[in-house]
Amino acid sequence: MAEGKGGGGDEAGREGPALHEREAEIRSAAQAIEALVRPDSGLGELLLYTGAAGLGKTAVLTEVRRAAKRAGCTVLFARGGQRQCHEPFHVVRQLVRPVLSALSDAERAQVFGPWEEIVGPAAGLRPPGGRLDPQGVRDGLDFVLTRLVQLRSPVAVIVDDLHWADPESLGWLAGFAVRTRELPALLVLACRDEFPDDALPLQRGLTDRADRRHELRPLQPASVAHLVRAALGARAEDAFCRHVWAVTAGNPYETAALLREVADQRLDPVEESTGQLRELAATARGMTLRHWLDRLGPTALRFAWAASVLDTDVRPDLAAAICAQGPETAAQSIRELRRHQVLTGTPSGRLEFVHPLVATSVYQSMSPATRTGMHGVAAVEVENAGLGLLAASRHLLEILPEGDGAIVDKLRRAAREHLAIGAPEAAQRCLRRAISEPPADEDRAPVLYELGCSALLTDPATTVNQLRQALADPYGLGPELRVDAVFRLAQALAHSNRLGEAAALCAEEAARTRPGPGRLRLEVAHFMFAAFRFEDEDGPGRSRRLAEFARMLDTVGLAFADTVEDGAAPGEAVFEHDGLAHAVAVLRCWDLTLRGGDRAEVIALAESALPGGRLPRCLGWTNTTWGFELPGVLGISYLYADRVDRAEELFTEAVRAYEVAGWSGGHLGFAYLLTGMLRFRCGVLVEAEDYLRRALRIAERIGPGTPLHWDAVGALAETLAARGRLDEALELAREHAYGPPYPTVMVLPDASTLYGRLLLARGDVSGAAEALAAAGAALDARGWRNTVWAPWLGHLARAVAVDQPERARGLAEEAVRRARESGTDSAVGSALRLGAAVHGRPRAAELLAEAVRHLERSPARYEHALALVDLGEALGAAPAAGAALARGLELAARCGADGLAARARGLLRSDTAG
C-alpha cells in the first residue's frame, strides 16, 4: 500500500516486546532516511533485515515506515503472503496501485509515458490485453517506478516477508534494487531465510547488494526479564524469568505468546511454577485447533479461518462472505479477533493479522477438508467480488481435483489472463492444475497445447515436451490447432538449436495433412527452418524445390480457395494464401541472397513480399503466424543488396513494435542486433556498438549459447575491431568462448568466417587459414556464395598470401568474380579491396581504385574509408596518394573508426615528411 508524506495510518500494538534490543537496527534506518532526504545527497540504498520468525522484523519495519513518513518520504509498502505467493505481481500491486491510481491525468501521463498498456495490467490498473513478455513488464515497471520516484521523491519502498513474495514481484525487485543507488529511493526489505529453491538466485542477488544489512538476534535474558515483569508484575522471580528465556530461546514473539498463556492460566511467576513453562510454551507455539476454539469460540474462529485464506490486506466483506456470516455476526467476530490480538485494522479499512505467525497458525488449525472447502468458496466469492480470475486462480489451485469441467475452463481462462500480464509461470501452474482435474477427454490435448505455448518465450524445453504430448494424445487436436501446434513445436526446437528436427517435423506432418492451407503452411515452415540450417546435405537441391514450390503456389492462385477445409470462409482462404505467398517470397529472397544471386532479382523478390511497401499483417514483427525470422531475413536481404533505406524502415519498425508490445526479451534483442548490423554496414560505428551492446545484454540475460548470444558477440567483436579496439574485440571473443562448435542457426554473418578473421587479426595465420578453409568448404557445399555475408575467400587469400601467393591470388579473383555475379557495389568493392592485399603495389592500386569507385556508390562508408586509406598507402609517393588519404581520414573519423583514422594520419605524416 502507498502512504502519503507525513501523518496518519500508523499501526498500533505491533512493536511490544519485538522492539527490545533493536535500537541499532532502527538507528541504522534513521541514518539511511536522513541521508535520503538530505538535499546534497538524494541517492538511496538497500537496507535489509533478516532473521528467524518472531524476532521482530515486522515491528522494526513498522518503525521504519513511521520514520520515513515523518521525514517527508512517500512510502510504498507491501507484504508477501504465504498463501499469496502464487498470485503474480501481488507485491507489486500492493506497492504501486494506491499511489498510481491517485495520480492526476497529467501526472499519470508523466509517470507511465509509453508503458501504460504494459504496466497497467500487472499493476492492477487496467484489464489484461494481449500476451506480454515478462521482461517487458519488468522493464516497464522500472520505467514507471523511476518516473514515480522523480515525481514523489524521496521515496521509501518497504517490503515485509520478502521470502513469501510472488516470483514475478521478486524478479522485478531484484533488478530494481540496482537502480536504487541512482535514485532518491530507499529500498527496505525484511525476510527469513526461507526462500523457495527456485528463488535462491534472486535472493542472493538482493542480499548481496544490501548497503546496510542487519541480522536480528534473540533477546538477552535481561530483556526477557523486563518483559516478564512488564506483563506479570514486578514480583516475578529471577529464576522464573530465566526459565522463560530458556524455553523461548529469547524469541520476542514466542516470549509474548508464552506470557499470555501464563496470564490466562493465572500461573504465579515464581520458581516453583517453572516446571509448567515448557508445556505452556509448546501450547503457545503450536496454537492448535483446541487452542483457538478455547480462546476465540467457533464463530470468531471461522471468520479468522476465512481471513487466513485471504492472507494479507483482508477485505472484511469478502471474509464474511467466505465464512457465510452476516454483517452483524462478522462485526462481532472482528471485535473478538481484535480483542484477542489476532487481527488489526489498516489505514485503508482492511484487516490484517497482527503477525504472520498468527496467520499461519490459524490457517494450519483448519482440517484439510475445511481448508479445501474454504478455498473453493473463496474462489467463487473473489470472482463474484469483481477481483477477476487473476486473484481467484490461487484458490482454484488449492481445491481437490474432481473432474469438474467448469473448473478446467476457469483455470484455462485464468492462464490466458496470467499470460496477458506477463506471468507465464503462473499460467503454467493453472494449466497443470487443469490437467490434474482432469479435463474431458476431448479437452486434454487443447490444454496440453496451451500449456506448451505458454512457455514458448521462456522455456522451449517445456514447450517441446507438452506439445509432443498434445500431438500424441489419442483424442488429438482439431486440424487447424494441430497445424499450429506442430509449427510452435518446430519453433521451440529451432530456438533450442535443433533446426534439423524442426524442419523434419514440419515435412513429416505436412505429408500426413490433407491438402489445404494447413498443409501449405507446414510445407512453407519446412522450407523456412531448413533455410536457416548451416548443415544441409542437399542445400542446392532444396533451393530448387523452393523455387518449384513458389511456382506451384503462383499457379494455384485464388483457386486455392477450393482446397480449404469445410467450414472456412473464402476470404480467410485468400488471406491465408496471400500470407503463404509473402512468406515464400521472403524465403526465396533470402535463399538467393545467401547464394550471392543477382541484386535486382533479390530486390524484386523482397518487394513482392511488401504490398504497398509495408509488411503485411501476416509477416508483422509481433504476429505469431510465422515468427520474427521472416521479416528479419527480409531486412538483411535488403541490407546486403545495398538497399539500406528499406532495411532501416523494417528494423526501426521492429524496435518500435517490440517496445510498444513490451517484448523486451529475445525479440527486442534480435531487433537491436539487426539495427546494430545496419549501422555497422553504413559505417555508423558508434551507434552500431551501442545497439550491439544492448543486444548482448539481453542475450546474456536469456542465457549463453543461444543464436542471439553468438551473433551479438560476433557482431560486437567485429565492430570493436573496426573502431580500432582490436584487443577489446579479442578479449570479448575470449570471454564468451567465441569459436567452434557454433549454433546451427545461421541467420546473421557467418560465425565460422568471423572466427577465422579474429584468428587472423591476432596473428594466428595458420589457425586462421585452417578455419577459413573449413568454413569455405562447408559454405560452398551448402551453395552459399554471398561474399558480404561470408567473405571467407578474401580473408583466406590474405592468410595464405606469404606461403602460397599463387593460391592467394586465385582465391581473391574468385571472390571478385562471385561478387560481380551479385552486381552489388558494396560486395564488389569489398572483394576488390581484400583482393588488393595479395598483389604488389601497381596492381593493388588499380584494384583499390576500382574498389573506391564501387564503394562510393554504396552505403558501406566504413568499407569506403578502408579502401581509400589502402589506396593512399598503395599509391606511395604518387600525387594522388595524399588526396586519397585525406578523404579516407575524413570518412574514417565520421564513421568512428578511430584506428583507421590514426593509421591514415600516420601515412599522411609520412607522405608529408617524404
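As shown above, the structure is provided for reference.
Residues numbered from 1 in each chain as written. Predicted model: local features only at pLDDT ≥ 70, side-chain atom pairs only at ≥ 80, totals over all residues. Heavy atoms only, no water.

### A word on the overall build of the protein chain
In plain terms, the rule: Helix and strand labels come from DSSP, where a helix needs a run of H or I of at least four residues and a strand needs a run of E of at least two; each type is numbered from the N terminus. When accessible area is computed with a 1.4 Å probe and restricted to protein chains, residues below 20% of their type maximum are described as buried, those above 50% as exposed, and intermediate ones as partly exposed. Working rule for contacts: check all heavy atoms of both residues, and any pair within 4.5 Å makes them a contact. For the area figures, the Shrake-Rupley method with a 1.4 Å probe applies, and any residue is considered shielded solely by the protein chains shown. Neither His nor the chain ends is counted toward charge; the positive residues are Lys and Arg and the negative residues Asp and Glu. By convention, charge coordinates are those of NZ in Lys, CZ in Arg, CG in Asp, or CD in Glu.
Scanning the protein chain for helices and strands turns up 44 helices and eight strands. Taking the principal axes of the C-alpha coordinates as reference, the protein chain spans close to 110 × 80 × 50 Å. Relative to its 914 residues, the protein chain shows a buried fraction of 59%. A separation of at least 24 residues holds for 70% of the contacts in the protein chain among residues at least 6 apart in sequence. With an accessible surface of roughly 36300 Å², the protein chain has 51% of that area assigned to carbon and sulfur atoms. Each charge sign in the protein chain was given a centre, from 104 positive and 120 negative side chains, and these centres are 2 Å apart.

### Description of helix α2 (residues 57-70)
Selection rule: Multiplying 1.5 Å by the residue count of a helix minus one yields the expected span of that helix.
Taking 1.5 Å per residue, 14 residues should reach 20 Å; α2 reaches 20 Å between its end C-alpha atoms and fits that length. Among the 14 residues of α2, 13 are classified as buried, and the element is accordingly described as predominantly covered. Following α2 by one or two positions, Gly72 adopts a phi angle in the positive range, close to 90 degrees.

### Considerations on the side chain of Arg295
So the rule is basically this: A pair is scored as a salt bridge if a Lys or Arg side-chain nitrogen falls within 4 Å of a carboxyl oxygen belonging to Asp or Glu. N or O atoms within 3.5 Å of each other form a polar contact, as long as, within protein, one can give a hydrogen and the other can take it, and as long as residues adjacent in sequence are counted only when both atoms are side-chain atoms.
Counting through the fold element by element, Arg295 comes out in helix α13 (residues 289-296). Buried within the structure, Arg295 lacks any salt-bridge partner; its nearest side chain of opposite charge belongs to Asp264, at an N-O separation of 5.5 Å. Engagement of the side chain of Arg295 in a polar contact is seen with the backbone oxygen of His340, the distance being 2.5 Å. Discounting chain neighbours no more than four positions away, the residues touching Arg295 are Arg260 and His340.

### Observations regarding the pattern of salt bridges
On inspection of all chains with the given rule, the structure shows 58 salt bridges. Linking Glu437 and Arg433 is a salt bridge whose minimum nitrogen-to-oxygen distance equals 2.6 Å. The exposure class assigned to Glu437 is buried, which follows from its relative accessible area of 3%. Relative accessible area serves as the criterion here: at 8%, Arg433 is assigned to the buried category. Of the charged contacts in the structure, one is a salt bridge between Arg817 and Glu821, with a shortest N-O distance of 2.8 Å. Of this pair, Arg817 and Glu821 both sit in helix α39 (residues 805-822), separated by four residues, roughly a single helical turn.

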